[in-house]
Amino acid sequence: MMPHKFPQTLATAGIALALAILPSCGGSSTSAAGTGSSGPFEVQSSTLADGDVWALNRPIDLIFNHPVDEDSISFNSIILKPIDSEILNFPVTGSFSLVEGSDDKVIRFTPACPTNEANSNGGFIPGSFNYTLTLPTQSSGQGLSVLRDDKDRPLSVGLKRNF
């Protein structure tokens, strides 16, 4: 009577298959989290488009290709200012935060809500006034602070929006 070799042959084939597949499961030199933070640091998009009419209390999201270094976020690296001469003395106010669940790739600016009857002390002033949003880069030559990613790389592709 011949012994059954099927279970032993199947086990050997399974081990051979596992050994052939395992090297490809090891990943690559990129981070395990898959943040894709190689290459230059760039802004990819914004919820604000050029020429938009923006609600006084609507947040603005800025989307980047790398995680952002939270310590680099300020009104010096994200410049929001009025364009119209009537309101040049009213600075834009509000707060910046990294959006939860975005792997630190989305910065949200939330305008301050006005607290006076004239609504003149909020993030944006009512009355169809125009503003500009600028994300300077190190190469823009303006000598301004710039956003940096989690690997301390400065923003290489910025953004400018008039709204």
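Since this is a predicted model, take the numbers as computed values, not measurements.

J.: I'd like a rundown of the overall build of the chain, residues and numbers included.
T.: Helix and strand content of the chain: one helix and eight strands. Seen in sequence order, the chain has helices and strands lined up from the N terminus as α-β-β-β-β-β-β-β-β. Counting across all 163 residues of the chain, residues that qualify as buried make up 31%. The contacts in the chain between residues at least 6 apart in sequence include a share of 65% that link residues at least 24 apart.

J.: Quick rundown of the sheet that holds strand 3 (residues 79-82)? Include the residues and the values.
T.: The antiparallel open sheet is built from three strands, whose spatial order is 3-6-8. The sheet is open, and its two borders are formed by strand 3 and strand 8 (159-162), each paired with just one other strand. Between one strand axis and the next, the sheet turns by 10° as a mean value, whatever way the strands run. As judged from the four bridges shared by strand 6 (residues 131-135) and strand 8, these two strands associate in the antiparallel manner.

J.: Which residues make up the environment of N119, and what values do they have?
T.: Within the secondary structure, N119 sits in the loop between strand 5 (106-111) and strand 6. Note on N119: relative accessible area 30%, which makes it partly exposed. Taking the C-alpha atoms as reference points, N119 and L56, separated by 63 residues in sequence, lie 9.6 Å from one another. Beyond its immediate stretch of four places on either side in the chain, N119 contacts P114, F124, I125 and P126.

J.: Run through a negative patch on the surface, naming residues and quoting values.
T.: Taken together, the side chains of E70, D71, D103, D104 and D150 present a region of like negative charge at the surface. Considering the arrangement of structural elements, one finds D71 in the loop between strand 2 (60-64) and strand 3. The class of D71 is exposed, set by a relative accessible area of 74%.

J.: An account of the sheet that holds strand 2 is requested, with residue identities and associated values reported.
T.: An order of 4-5-2-1-7 is seen for the five strands of this open sheet, with the pairing classed as mixed. Every interior strand has two partners, whereas the edge strands, strand 4 (94-98) and strand 7 (155-157), have only one. The average undirected angle you get between the axes of adjacent strands in this sheet is 35°. For strand 4 and strand 5, the ladder comprises five bridges, and the chain directions are antiparallel. What sits directly across from S97, in strand 5, is R108.

J.: How would you explain the packing of aromatic side chains if you had to name every residue and give the values?
T.: Enumeration over the complete set of coordinates arrives at eight aromatic pairs. Note on Y131 and F163: the rings are 5.9 Å apart at their centroids and 25° apart in plane angle, and the pair reads as stacked. Taken together, the positions of Y131 in strand 6 and F163 in the segment after strand 8 put the pair 32 residues apart, joining distant regions of the chain. Each member of the pair, Y131 together with F163, is buried.

Cut-offs and rules
Residues numbered from 1 in each chain as written. Predicted model: local features only at pLDDT ≥ 70, side-chain atom pairs only at ≥ 80, totals over all residues. Heavy atoms only, no water. Helix = DSSP H or I, 4+ residues; strand = E, 2+ residues; numbered from the N terminus. Buried < 20%, exposed > 50% of the residue type's maximum accessible area, 1.4 Å probe, protein only. Contact = heavy atoms within 4.5 Å. Pairing = 2+ DSSP bridges. Axes fitted to C-alpha atoms, helices over the stretch in contact; angles between N-to-C directions. Patch = residues over 30% accessible without salt bridge, like charges linked within 9 Å, V, L, I, M, F, W, Y side chains within 5 Å. Areas by Shrake-Rupley, 256 points an atom, 1.4 Å probe, with all protein chains shown as cover. Salt bridge = Lys/Arg side-chain N within 4 Å of Asp/Glu carboxyl O. Lys, Arg positive; Asp, Glu negative; His and termini not counted. Charge placed at Lys NZ, Arg CZ, Asp CG, Glu CD. Phe/Tyr/Trp six-rings, centres within 6.5 Å; stacked < 30°, edge-to-face > 60°.

Purely geometric numbers; function is a separate question.
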